[in-house]
Amino acid sequence: MRSVLRMDYFEIIGKKQLNGIVKISGSKNAVLPVMAASILNDSPLKLNNVPTLSDSRTMASILESMGSKIVFIDNNSINIDNSGLDNPFASYDLVRTMRASFYVLGPLLARFKKAKVSLPGGCAWGPRPVDFHIKAFEKLGVKIKLENGYVLANASNIRGAKIHFPKISVGATGNVLMLAVLAKGTTVIKNAAAEPEIQQLCNMLNEMGAEISGIGSNTLTIKGVDSLKNLDEISIIPDRIEAGTFMIAVAATGGKVVLENINSMHLKDVIKQLTQVGVNIIEKGNSLEIHAINIDIKPSIMETNEYPGFPTDLQAQWMILMCLANGDSTLKENIYFDRFTHILELNRLGCKIKLDGSLARIKGNRKLIGADVMSTDIRASAALIIAALCAEGKTTISRVYHIDRGYDKIEEKLTKLGAQIIRKK
Ligand code: EPZ
C-alpha cells in the first residue's frame, strides 16, 4: 500500500541555545548499502545501531517484496532473513521513493544472475542519473536492457574488469562492489568512493569472505571469489552527517553540547572547518564537545568535496551558519550542480544568499525572522530547522516527511537540548 505522505509540519520558537548531551544514531547512508548487501546472505543477519528512518523502512519494504523476512527487534536493531528470497524484482512504486533502492541491483545479479529493477526517479535538485552504474555493470559482462523505466539485467557470465568512474560516485561504487566480489577474476575500480559508508560495506563483504583491498582509498581492487560465507551480525557506523548537522546547529545557536556515539575520524574536515570559524571542539574518544557560547562566527570560503573533504550533505547546514557569521562568505557546491533549493526558503527567513552558477554568495550578520517555510529535501530541511532555531519568533516548516527520511527523532533530540520544537498535523 503506498504510504500516505503525512503532511506534518514543525512549529519552532527561535532564539533558544542548545545545551546538553545528544546521542547520534546509526548512519542512514551506511545502513542502506548494508541492507542491500544482506541479499548476499542467505541466513539471518542481525543489524545493530540501525537508525529509525523512513528510508531504512523503505529498503526493508523492497527486500520484503522480494521474499525477505524482516523483524524490527527494537528501536535500533533489525533481523533480516533472506533465506527465502526468490524474486529479483524491485518495483517503480518502491524505488521511486528512494534513489538508494537502486543499490539492490548489484547483489541481486550476484545472487540470482538476473534482475529487474526500476530506474530511480529524480529528486528535488536534479536528475541524479545512474549511467555510471549501468556502464560499470556492462564492463563486468552484465547484459542490460532498459524497458519501460526498468533495468532488465542478465549476469550469467561475469568477469573482473578495469572500471574507471568519470567522477567519484558513492552509489555506483557500492553497487558494482556487490557484484564484483563474485566475478571471475580481478576488478579494479579507479575513482572509487572512499566514504566511511563504503568502507563499512567493504569491511562487511570482506568479513563474508570477499577479497577487497584499497579500502578507504580511491582505488579498490576486488579479487573475485567463488562464494561468500554468511554473516550473523553487524553494527552500523555512527551517522557523520547527523553529527555534523548537530555540530553546526550548536555553533549557530551558541550553545555547549556533548555528542555521544560518534566517530571523529569521519568528521576530520567538519571539525577543522568549524574550528577555523571560531568554534571550540574537544574530541573525547567516541564523543566530542562543542563549545560555542558567546563566540563570534567568522566568515569562510568553503567548497564541498568527496570524502575526506567537506560533505555535500552538510552544504545547506553550513550555509545557514555563514548567514550568522561576522562577514560575507562563499560556498561552492562541487558534487551536484544544482543542490540549492534551500536558498529560496532561507532567504524568506531573512538570509541574503545569491547564486552565481554553483557558487553561493552569502551575506553575514543576518537577523533572522520566523516565517512559514517548506522542506524540499532531507538536508535542506535540516538547514531550515537550524535557521528557525536562530530566528526571532515562530517558524513553521512543512513537508517534514523529508526530514524523517534522514534524521532519527530529531525533534526529541533537539527538545532535550533546549529547543522549542513541536510536530503538528
Ligand atoms: C550518496 O548518493 C548519498 N546517498 C547522498 O546523500 C550524497 O549526497 C552522495 O552520495 C554524495 O556524497 C546515500 O548514500 C544513500 P553519487 P549517490 O553517486 O550515491 C553523479 C543524503 O542527503 N552521478 O556519489 O546517489 C551524481 O549526479 C543523500 O543523505 C552520475 O552522474 O551520489 C552526482 O553529481 C543526498 N552518474 C555525483 O555523481 C551516476 O551514475 C555524486 O553522486 C552516479 C552519480
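Quick notes on the rules
Residues numbered from 1 in each chain as written. Predicted model: local features only at pLDDT ≥ 70, side-chain atom pairs only at ≥ 80, totals over all residues. Heavy atoms only, no water. Pairing = 2+ DSSP bridges. Helix = DSSP H or I, 4+ residues; strand = E, 2+ residues; numbered from the N terminus. Contact = heavy atoms within 4.5 Å. Axes fitted to C-alpha atoms, helices over the stretch in contact; angles between N-to-C directions. Near = heavy atom within 4 Å. Polar contact = N/O pair within 3.5 Å; in protein donor to acceptor, adjacent residues only side chain to side chain. Areas by Shrake-Rupley, 256 points an atom, 1.4 Å probe, with all protein chains shown as cover. Domains from an automatic or database assignment. Buried area = accessible area lost by both parts, 1.4 Å probe. Salt bridge = Lys/Arg side-chain N within 4 Å of Asp/Glu carboxyl O. Core = buried A, V, L, I, M, F, W, Y, C linked by side-chain atoms within 4.5 Å. Buried < 20%, exposed > 50% of the residue type's maximum accessible area, 1.4 Å probe, protein only.

Notes on the sheet that holds strand β6 (residues 89-90)
Okay, so step 1: Taken in spatial order, the 4 strands make up an open sheet running β6-β7-β9-β8, and their pairing is mixed. The open sheet terminates on both sides in strands that have one partner only, identified here as β6 and β8 (143-147).
Okay, so step 2: Docked against the sheet, helix α4 (residues 105-112) engages β7 (114-118) and β9 (150-154), running at close to 160° with respect to β7.

Quick notes on the site of the ligand
Okay, so step 1: In the vicinity of the ligand lie 23 residues, with Arg 99, Asp 131, Ser 169, Asp 313 and Ile 335 positioned nearest.
Okay, so step 2: A distance of 2.6 Å separates an oxygen atom of the ligand from a polar side-chain atom of Arg 99.
Okay, so step 3: At a separation of 2.7 Å, an oxygen atom of the ligand approaches a polar backbone atom of Gly 171.
Okay, so step 4: Taking 830 Å² as the accessible area of the ligand by itself, protein coverage stands at 90%.
Okay, so step 5: Listing elements by their share of the shell around the ligand, those giving two or more residues are α1 (28-37), α5 (131-139) and α6 (170-180).
Okay, so step 6: With 3 residues, the top contributor of residues to the shell around the ligand is α5.

Looking at the sheet that holds strand β22 (residues 372-374)
Okay, so step 1: Strands sit in the order β22-β23-β1-β24 across an open sheet of 4 strands; the sheet is mixed. The open sheet has two free edges, formed respectively by β22 and β24 (420-424), since each of these has just one partner strand. Here the average twist between neighbouring strands, direction ignored, is 20°.
Okay, so step 2: The pairing of β22 with strand β23 (residues 394-398) spans 3 bridges and is parallel.

Let's talk about the domain arrangement of the protein chain
Okay, so step 1: Parsing the protein chain into structural domains produces domain 1 (9-25 + 238-424) and domain 2 (28-235).
Okay, so step 2: Put simply, the middle of domain 1 and the middle of domain 2, counted by C-alpha atoms, are 30 Å apart.
Okay, so step 3: Each partner contributes to the interface: domain 1 provides 26 residues, whereas domain 2 provides 24 residues.
Okay, so step 4: Roughly 1,900 Å² is buried in total at the junction of domain 1 and domain 2, and carbon and sulfur atoms are behind 48% of that figure.
Okay, so step 5: Per-residue buried area on domain 1 facing domain 2 is highest for Glu 306, Tyr 307 and Arg 405; these three make up 29% of the total on that side.
Okay, so step 6: For Asp 55, the salt bridge identified is with Arg 405, shortest N-O distance 2.7 Å.
Okay, so step 7: Scanning the region where domain 1 abuts domain 2 turns up 8 residue pairs in polar contact (both at pLDDT 80 or more).
Okay, so step 8: Among the secondary structure elements, those contributing two or more residues to the side of domain 1 that touches domain 2 are α12 (378-390) and α13 (401-406).

Things to note about the nonpolar core
Okay, so step 1: Leu 47 and Val 104 are the most contacted members of the largest nonpolar core, which totals 77 residues.
Okay, so step 2: If you tally residues by element for this core, the top one is α1, at 7 residues.
Okay, so step 3: Ignoring any residue separated from it by four or fewer positions in sequence, one finds Leu 47 in contact with Val 31, Val 34, Met 35, Asn 76, Ser 77, Ile 78, Ile 80, Ile 234 and Ile 236.
Okay, so step 4: Formed by 70 residues, the second largest nonpolar core is a distinct cluster that contains Ile 281, Ala 325, Cys 390 and Ile 421.

Describing the pattern of salt bridges
Okay, so step 1: If you walk through the whole model with that rule in mind, you get 23 salt bridges.
Okay, so step 2: Between Asp 404 and Arg 423 there is a salt bridge; the shortest N-O distance is 2.8 Å. Highlighted residues: Asp 404 in helix α13 and Arg 423 in strand β24, separated in sequence by 19 residues.
Okay, so step 3: According to the relative accessible area criterion, Arg 423 is partly exposed, its value standing at 25%.
Okay, so step 4: The structure contains a network of salt bridges with shared partners spanning Asp 8, Asp 404, Glu 411, Arg 423 and Lys 425.

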